Amino acid sequence: MAMTVSDAIRYIGVDDLTIDLFESQYRVPEGISYNSYLILDEKTCLMDTVDKRGTAEWESNLKEALGDRSLDYLVIQHMEPDHAGSVQRVLELYPDVKLVGNAKTFQMLPQFLQTAPSNDRVVVKEGDSLELGSHTLTFYMAPMVHWPEVMVSYESTEKILFSADGFGTFGANCKHGIEDWKLEAARYYFNIVGKYGAPVQTLLKKASGLAIETICPLHGPVLKGDLTPYIQAYDTWSKYEPQEKAILVACASIHGNTKAAAMRIAEELQACGQKVTFMDLCREDMSHAVELAFLYDRTVLCASTYDGGLFLPMHDFLSHLAAKTWQNRKVAIVENGSWAAQAGKVMRAMLEEMKNIEVCEETLTIKSTLHEADEPQLKALVAAIANV
């Protein structure tokens, strides 16, 4: 049964509890939701569809919400398959439906369908409106949040922002409610949208001029009540500013010696009053490590030398951070090498390609295992990254 956003606007999305990897890379142990909404007015209007994985259940929700009415409009805010994966089914069920999208939407649409649809099109641009009766949708372009064709829609009667991927989360809605938004919103943002901070800032400026009482994203719970915390979080994240004064100790160790040194550094940092999270990059979820690197203001990178270069889990981590335009952070480097330590050199070179990364002059080079002679270096590194 479809849930209710309001009397006239129905939630008809579905939860996917069988998926293990979202976008074939992000672990989602509590699933994902594919959100879709139906506006019932003089005209009926469907706001996006769902992934093919959920088409059958979603179709049932749509038919139940529509009753004996037909569908007048389908608004396509985002062409990514987890949202436009059931467009073809809409066209089969309602061959007279009018498609609403921007110019880039209709350039991309035939790429995902077997045949280009012949349906009437309503091509919208920034600020255009669609009258449905007592409800009116106004469209705002949001390119690269996080595909070039993305747009959002504002319904002025009920003051609802249909925010596309913005303000979404991992996790099925049957697992997470609005009170749990922070649990997966940051991991979702930094790994899905995080590269595109400037476009998010542009969208936030547009949204600031709207009276918004409800946010309806394409993943995760519908947001109501005081929206300030969600908007403030997006503002901070999209400016690449840390949310917490805390330290991530990220470790990539081959035989455990580098890990032992990293754990010792984490203990020393905690002893001097720092909030610290330790992550073993060889075993823990990469997307969580990326999330913490963005949330925290400082990171300690601890890695072994491998094949004359950098142990691959650390290389992968730094590549992920670079791809998401990680910046404005302070970093300390710990390297291990039994005969020719090169890990630090490679890490430093990768960090130099990023924007405004301050690398501590104090580094720690270990030869195989941590020794008593390494204590002065270790203490100096701890003091430098702890700012004490």
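First, a word on what this report is: a plain description of the structure on this page. (Residues numbered from 1 in each chain as written. Predicted model: local features only at pLDDT ≥ 70, side-chain atom pairs only at ≥ 80, totals over all residues. Heavy atoms only, no water.)

Some points on the overall build of the protein
Rules: Here a strand is any run of E in DSSP of at least two residues, a helix any run of H or I of at least four, and the numbering for each starts at the N terminus. Working definition: with a 1.4 Å probe on protein chains only, accessible area under 20% of the residue-type maximum means buried, over 50% means exposed, and in between means partly exposed. Residue exposure ignores everything except the shown protein chains as possible cover, and the areas themselves are Shrake-Rupley values with a 1.4 Å probe. Neither His nor the chain ends contribute to the count of charged residues, in which Lys and Arg are positive and Asp and Glu negative. To locate a charge, take atom NZ for lysine, CZ for arginine, CG for aspartate or CD for glutamate.
Secondary structure summary: the protein contains twelve helices and 24 strands in total. C-alpha atoms of the protein, sized along the principal axes, occupy 80 × 40 × 35 Å. A total of 388 residues make up the protein; the buried ones form 56% of that total. Counting every atom, the protein has about 16,300 Å² of accessible surface; 50% of that belongs to carbon and sulfur. With 35 positive and 53 negative side-chain charges, the protein shows a separation of 3 Å between the mean positions of the two kinds.

Some words on empty space enclosed by the protein
Where empty space is left in the structure can be found by rolling a water-sized probe over the atoms. Here is the rule we go by: Both cavities and pockets are sets of points on a 1 Å grid over the protein atoms alone; in a cavity a 1.4 Å probe fits but cannot get out, in a pocket the set is open with protein on both sides within 12 Å along at least five of seven lines, and lining residues sit with an atom within 4 Å of a point. Grid points are joined across faces, edges and corners, and a volume is the space filled by probe spheres set on the points.
For the structure on display, the rule yields one cavity of 30 Å³ or more. Here the largest cavity is characterised by a volume of approximately 40 Å³. Lining of the largest cavity is provided by V152, L161, S163, G166, F167, L203, L204 and A207. Per-element accounting of the lining of the largest cavity gives the leading share, three residues, to helix 6 (residues 197–208).

Topic: the packing of helix 10 (residues 312–323) against helix 11 (residues 343–352)
For clarity, the cut-off: Note on definitions: angles span 0 to 180 degrees between N-to-C directions of axes, and those axes are lines fitted to C-alpha atoms, for helices only across the stretch in contact. For classification, angles of less than 35 degrees are called roughly parallel, those exceeding 145 degrees roughly antiparallel, those between 65 and 115 degrees roughly perpendicular, and all remaining angles oblique. Two residues form a contact once any of their heavy atoms are found within 4.5 Å. Residue polarity is assigned by list, with Asp, Glu, Lys and Arg as charged and Ala, Val, Leu, Ile, Met, Phe, Trp, Tyr, Cys and Pro as nonpolar; anything else, Gly included, falls into the polar class.
Contact geometry for helix 10 and helix 11: axes closest at 10 Å, N-to-C directions at 10°. Classified by the angle between their axes, helix 10 and helix 11 sit roughly parallel to one another. Between helix 10 and helix 11, the residues in contact are M314, H315, L318 and S319 and V346, M347, M350 and L351, respectively. Considering only residue class, the contact of helix 10 with helix 11 consists of six nonpolar, two polar and no charged.

Structural notes on the layout of surface pockets
Taken as a whole, the largest pocket encloses approximately 320 Å³ of empty space. Contributing to the lining of the largest pocket are 18 residues, with I254, S304, T305, G337 and S338 lying nearest its centre. Broken down by secondary-structure element, the contributors of at least two residues to the lining of the largest pocket are helix 8 (257–271) and strand 20 (296–306). Of the residues forming the lining of the largest pocket, the biggest block, three residues, is contributed by strand 20. Across the lining of the largest pocket, the residue classes break down as four nonpolar, 13 polar and one charged.

Observations regarding the sheet that holds strand 16 (residues 214–216)
For clarity, the cut-off: Pairing between strands requires that DSSP locate at least two bridges from one strand to the other.
If you walk across this open sheet you meet the six strands as 12-13-14-15-16-17, and the pairing is mixed. Because the sheet does not close on itself, it has two edges, and the strands there are strand 12 (129–131) and strand 17 (223–224). As judged from the three bridges shared by strand 14 (residues 151–155) and strand 15 (residues 160–162), these two strands associate in the antiparallel manner. Its bridge partner lying in strand 15, E155 is registered against I160.

Concerning helix 11
So the rule is basically this: Directions are taken from the helix axis to each C-beta atom, and the arc is the one they span.
The complete set of buried residues in helix 11 reads A343, G344, M347, M350 and L351. Buried positions in helix 11, seen along its axis, are confined to an arc of 130° and lie on one side of it. Turned more than 90 degrees away from the buried face of helix 11, the exposed residues are K345 and E352. On the buried face of helix 11, the contacting elements are strand 20, strand 21 (309–310), helix 10, strand 22 (327–336) and strand 23 (355–359).

Details of a nonpolar patch on the surface
Threshold: A patch is a set of surface residues, each over 30% in relative accessible area and not in a salt bridge, joined within 9 Å for like charges and within 5 Å for the nonpolar side chains Val, Leu, Ile, Met, Phe, Trp and Tyr. Salt bridge criterion: a side-chain nitrogen from Lys or Arg within 4 Å of a carboxyl oxygen from Asp or Glu.
Taken together, the side chains of I254, Y306 and L312 define a hydrophobic patch exposed on the protein surface, amounting to about 260 Å² of accessible area. Along the chain, the position of L312 falls in helix 10. The exposure class of L312 is exposed, given its relative accessible area of 52%.

Re the packing of aromatic side chains
Quick reminder of the rule: Geometry of aromatic contacts follows a simple scheme: Phe, Tyr and Trp rings, the Trp one being its six-membered ring, pair when their centres are within 6.5 Å, and the pair is stacked under 30 degrees between planes, edge-to-face over 60, tilted otherwise.
Tallied over the full model, the rule gives 16 aromatic pairs. Considering the side-chain rings of Y189 and Y234, the 4.9 Å spacing of their centres and the 65° angle between planes classify their relative orientation as edge-to-face. With Y189 in helix 5 (residues 181–193) and Y234 in helix 7 (residues 228–238), this residue pair connects regions lying 45 residues apart in the sequence. Residue Y189 is classed as buried on the basis of its relative accessible area of 0%. Arranged with centres 5.4 Å apart and planes meeting at 55°, the rings of F190 and W237 form a pair that is tilted. Of this pair, F190 sits in helix 5 while W237 sits in helix 7, and the two are 47 residues apart along the sequence. An aromatic cluster of at least three residues, connected via ring pairs, comprises F167, W181, Y189, F190, Y230, Y234, W237 and F294.

Points about the environment of E267
With respect to the secondary-structure elements, E267 resides in helix 8. For the pair E267 and V382, spaced 115 residues apart in the sequence, the C-alpha separation amounts to 10.0 Å.

Examining the pairing of strand 19 (residues 276–280)
Where strand 18 (residues 244–252) meets strand 19, five bridges bridge the pair, whose relative direction is parallel. The partner of I247 across the bridge, within strand 19, is V276.

Concerning the side chain of T258
Considering the arrangement of structural elements, one finds T258 in helix 8. Taking the relative accessible area as the measure of exposure, T258 reaches 1% and is therefore buried. With near-sequence residues (within four places) excluded, T258 lies in contact with C251, A252, S253, C302, A303, S304 and N336.

Brief notes about unusual backbone geometry
A cis amide bond, omega 5°, links V145 with the succeeding residue H146. Relative to the helices and strands, H146 resides in the loop between strand 13 (136–141) and strand 14. Positive phi values are uncommon outside glycine, yet F167 reaches one of about 70°. At T325, a position not held by glycine, the phi torsion is positive, near 55°. Relative to the helices and strands, T325 is located in the loop between helix 10 and strand 22. You can call T325 partly exposed: its relative accessible area is 25%.

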